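Residue-level structural notes
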Amino acid sequence: MARVLYDGLVEYEDGTPASTSQMAKDVVEFLNWAAEPEMDQRKKMGVATIVVTSVLLALSIWVKRYVTFNGHLPGPILIYLSFQVQVVAN
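Keep in mind it's a predicted model, so treat the numbers as computed, not measured. (Residues numbered from 1 in each chain as written. Predicted model: local features only at pLDDT ≥ 70, side-chain atom pairs only at ≥ 80, totals over all residues. Heavy atoms only, no water.)

**A short note on the overall build of the protein**
Definition in use: Where helices and strands are cited, they refer to DSSP runs of H or I of at least four residues and of E of at least two residues respectively, numbered from the N terminus. Burial here depends on accessible area, computed with a 1.4 Å probe over protein chains only, as a share of the maximum for the residue type. Under 20% is buried, over 50% is exposed, and the range in between is partly exposed. Where accessible areas are quoted, they stem from the Shrake-Rupley method and a 1.4 Å probe; at the residue level, only the protein chains shown are allowed to cover.
Across its full length, the protein carries three helices and zero strands. Listing every helix and strand of the protein by position from the N terminus yields α-α-α. The burial tally for the protein puts 3% of its 90 residues in the buried class. Total accessible area on the protein is roughly 8,200 Å²; 68% of this is exposed by carbon and sulfur atoms.

**Some points on the packing of aromatic side chains**
In plain terms, the rule: Ring pairs shown here join Phe, Tyr and Trp side chains whose ring centres sit within 6.5 Å, with only the six-membered ring taken for Trp; geometry is labelled stacked below 30 degrees between planes, edge-to-face above 60, and tilted in between.
Under the defined criterion, the tally for this structure stands at one aromatic pair. Centroid distance Phe30 to Trp33: 6.0 Å. Interplanar angle 35°. Geometry classified as tilted. With Phe30 and Trp33 both in helix α1 (residues 20–35) and three residues apart, the pair spans about one turn of that helix.

**Focus on the confidence of the model for the protein**
Our working rule: pLDDT expresses how confident the predictor is about each individual residue, on a scale running from 0 to 100.
Mean pLDDT over the protein stands at 80; residues scoring 70 or higher make up 76%. Per-residue pLDDT, averaged within each element of the protein, yields its smallest value for helix α3 (residues 75–89) (54) and its largest for α1 (90).

Written out as structure tokens, the structure reads:
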């Protein structure tokens, strides 16, 4: 099969040299995008998930340290948790 890409075949607006390797890279990037156009959205969702998970982990560590240091939880939470423990124990 004959070569399809040659040096200088296209002109880039930003002045990038139109080498065969650069054009091949551009073709591969386009094919990847065409195969998975929703990939950018999935990456953003993944970052948001990691951020939310990190915040929840930090909050749970803080609550654990608060309970361990003070030896008790604030009123309404203590009542709720003690009720849950009694229900499970029965």
